[in-house]
Amino acid sequence: ATITDYRMADSQEMDTSAEAMMKKANELKSEGNAFYKQKEYQKALGKYTKIFLYVDHLNLPQDLERMVGDRAPDTGSVKNEDVTRMQVVANQNCAMCFLRQLRFEKCEEFCNRALAKDADAKKARMIRGRARLRLGNLDGAESDLKFAETQFPADKNVKADIVALKAKFKKQRDKERRQFAGMFDRMAKKSKKKATAEAEKKNDADAGSGGISSLISDMLGSEEGKKNQSEQVAAAIGSSAAASPSASGAGETSSS
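Residues numbered from 1 in each chain as written. Predicted model: local features only at pLDDT ≥ 70, side-chain atom pairs only at ≥ 80, totals over all residues. Heavy atoms only, no water.

Go over the overall build of the chain, please, and point to the residues and values.
A count of helical and extended segments in the chain gives nine helices and zero strands. Listing the helices and strands of the chain from first to last along the sequence gives α-α-α-α-α-α-α-α-α. Looking at the 256 residues of the chain, the share that counts as buried comes to 24%. Sequence-distant contacts in the chain: of pairs separated by 6 or more residues, those separated by 24 or more amount to 61%. Accessible area for the chain stands at about 17900 Å²; split by element, carbon and sulfur atoms hold 54% of it. (Helix = DSSP H or I, 4+ residues; strand = E, 2+ residues; numbered from the N terminus. Buried < 20%, exposed > 50% of the residue type's maximum accessible area, 1.4 Å probe, protein only. Contact = heavy atoms within 4.5 Å. Areas by Shrake-Rupley, 256 points an atom, 1.4 Å probe, with all protein chains shown as cover.)

Kindly report on the packing of aromatic side chains, identifying the contributing residues and their values.
Throughout the structure, instances matching the rule amount to two aromatic pairs. Look at Phe-98 and Phe-110: their rings are 5.3 Å apart centre to centre, the planes differ by 40 degrees, and that puts the pair in the tilted class. Within this pair, whereas Phe-98 is found in helix H5 (residues 80-100), its partner Phe-110 is found in helix H6 (residues 104-117), the two being separated by twelve residues in sequence. Positioned above the aromatic ring of Phe-52, the side-chain terminus of Arg-113 is 5.0 Å from the ring centre. Its end group placed over the ring of Phe-147, Arg-125 keeps NZ or CZ at 4.3 Å from the ring centre. (Phe/Tyr/Trp six-rings, centres within 6.5 Å; stacked < 30°, edge-to-face > 60°. Lys NZ or Arg CZ within 6 Å of the ring centre and 35° of its normal.)

An account of the side chain of Glu-108 is needed here, citing residue identities and associated values.
Structurally, the position occupied by Glu-108 is in helix H6. What makes Glu-108 buried here is its relative accessible area of 17%. Every residue in contact with Glu-108, bar those within four places of it in the chain, is listed here: Arg-128, Ala-131, Arg-132 and Leu-135.

Give a detailed account of the side chain of Gln-87, specifying residues and quantitative values.
For Gln-87, the position within the fold is in helix H5. Taking the relative accessible area as the measure of exposure, Gln-87 reaches 1% and is therefore buried. Ignoring anything within four residues of it in the chain, the contact list for Gln-87 reads Phe-52, Val-55, Asp-56, Asn-59 and Lys-117.

Go over the state of the cysteines, please, and point to the residues and values.
Joining two cysteines, a disulfide is a covalent bond between their sulfur atoms. Across all of its chains, the model carries zero disulfides by this definition. No disulfide involves Cys-94; its nearest neighbouring cysteine sulfur is the one of Cys-97, lying 6.4 Å away. (Disulfide = S-S within 2.5 Å.)

So what's going on with unusual backbone geometry? Which residues, and what values?
Positioned with a positive phi, Lys-39 is a non-glycine residue whose angle comes to about 65 degrees. Structurally, the position occupied by Lys-39 is in the loop between helix H2 (18-37) and helix H3 (41-55). For Lys-39, a relative accessible area of 63% gives the class exposed. The phi torsion at Leu-102 lies on the positive side, around 65 degrees, for a residue other than glycine. Turning to its location among the elements, Leu-102 is positioned in the loop between H5 and H6. Under the relative-accessibility criterion, Leu-102 is labelled exposed at 60%.

Tell me about a positive patch on the surface, and name the residues and values.
Together, Lys-168, Lys-171, Lys-175 and Arg-178 line one region of the surface with positive charge. Within the secondary structure, Lys-171 is located in helix H9 (residues 156-255). Residue classification places Lys-171 among the exposed positions, given a relative accessible area of 65%. (Patch = residues over 30% accessible without salt bridge, like charges linked within 9 Å, V, L, I, M, F, W, Y side chains within 5 Å. Salt bridge = Lys/Arg side-chain N within 4 Å of Asp/Glu carboxyl O. Lys, Arg positive; Asp, Glu negative; His and termini not counted. Charge placed at Lys NZ, Arg CZ, Asp CG, Glu CD.)

Here you go:
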């Protein structure tokens, strides 16, 4: 017998029924849980991710199922909701491993995958809220963690994360308040500087106008002075002329 013969025999003996696939998926989940408890998260991930190889083909999307028709895999006694539940659990467990490894983006990704299968996956939302908090998505974290608080009221991790979330929101608000205060201070200084510049410009204009007025006044005063002097001289000459005939007449009277 050749190696190919052995491989063919193995493939013929391998049970590919839906029931066998689900059984294998459950075995992988148990093995992954054991590694998770030992904090061997990478090994746990190796088990959890293998689950998808055994179950993803068992619940094809409806549009794809219509396309393949009779060629769709026979699920036997395995119900579609059982397959979906296994997919959700596997994704949630992967997300928890990524959370422990501080790989928060991957954690959120697998939570979203779980929620795509079941929008009511409570644990997926709780884990995603914790990841979002650490990614700095405070609004998203608030939505998920508030939901988680109603579903897991005794969970210490959720309580601790909600306290941390409130602290982060306060820090963010304080930072924004300081930024706005600084902006308003700069605006006030700029406005004051502008007002000072305009006042100085006005004072310069007033000073220039006063100088011209003074110059004109001086000029007018000078002309008036000259005019007054001329009038005074003319008056003096007039007085002298009037006085001369009187003197002559008196002399003539005296000589006769």
